Amino acid sequence: MDEVTGLTYRAAGDFSAVGTGFEMAELTGLITEGLHEAGAQGELESVVITGSRLHEVVQAVPGRSPLNAVMLVLVLERERSNLALAVREAADLAESILT
């Protein structure tokens, strides 16, 4: 997903829980802005959202300029997933996308 416009490049499975790419891009933009206002430096690496039924993992793809940022978004069933492993594998996958 393009972080700026929300354009989804590819989707698999039931991605209705994520909402539109634009909504996710807006959310990550708000989180990034809030972090910078709080004094955080650097770029947003990932966002983890946990709900009673689902986990959402949003992972930045490194090596892209801020104006051309791409995010990898995963939605996992809480009862059937290991969140820590999913976050780690999402980071590995995001790093391998551009190499």
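So, how was this worked out
- Residues numbered from 1 in each chain as written.
- Predicted model: local features only at pLDDT ≥ 70, side-chain atom pairs only at ≥ 80, totals over all residues.
- Heavy atoms only, no water.
- Salt bridge = Lys/Arg side-chain N within 4 Å of Asp/Glu carboxyl O.
- Buried < 20%, exposed > 50% of the residue type's maximum accessible area, 1.4 Å probe, protein only.
- Pairing = 2+ DSSP bridges.
- Helix = DSSP H or I, 4+ residues; strand = E, 2+ residues; numbered from the N terminus.
- Axes fitted to C-alpha atoms, helices over the stretch in contact; angles between N-to-C directions.
- Contact = heavy atoms within 4.5 Å.

**Description of the pattern of salt bridges**
Phase 1 of the analysis: In the structure shown here, the tally under the stated rule is one salt bridge.
Phase 2 of the analysis: Ionic pairing is found between arginine 80 and glutamate 77, a salt bridge with its closest N-O pair at 3.8 Å.
Phase 3 of the analysis: A relative accessible area of 45% means that glutamate 77 is categorised as partly exposed.

**Here we look at the sheet that holds strand E1 (residues 46–50)**
Phase 1 of the analysis: Ordered in space as E1-E2-E3, the three strands form an open sheet in which the pairing is antiparallel. Unpaired on one side and paired on the other, E1 and strand E3 (71–77) mark the two borders of the sheet. On average, each strand axis in the sheet is inclined to that of its neighbour by 10°, with strand direction left out of account.
Phase 2 of the analysis: Here seven bridges tie strand E2 (residues 54–60) to E3, and the two strands are oriented antiparallel to one another. When the bridges of E3 are listed, valine 58 appears paired with valine 73.

**Let's talk about the environment of arginine 53**
Phase 1 of the analysis: The residue arginine 53 is located in the loop between E1 and E2 in this model.
Phase 2 of the analysis: Judged by relative accessible area, arginine 53 falls into the exposed class, the value being 63%.
Phase 3 of the analysis: Sequence separation between arginine 53 and leucine 76 is 23 residues; the distance between their C-alpha atoms is 8.6 Å.
Phase 4 of the analysis: Residues in contact with arginine 53, not counting those within four places in the same chain, are Leu76, Glu77 and Arg78.

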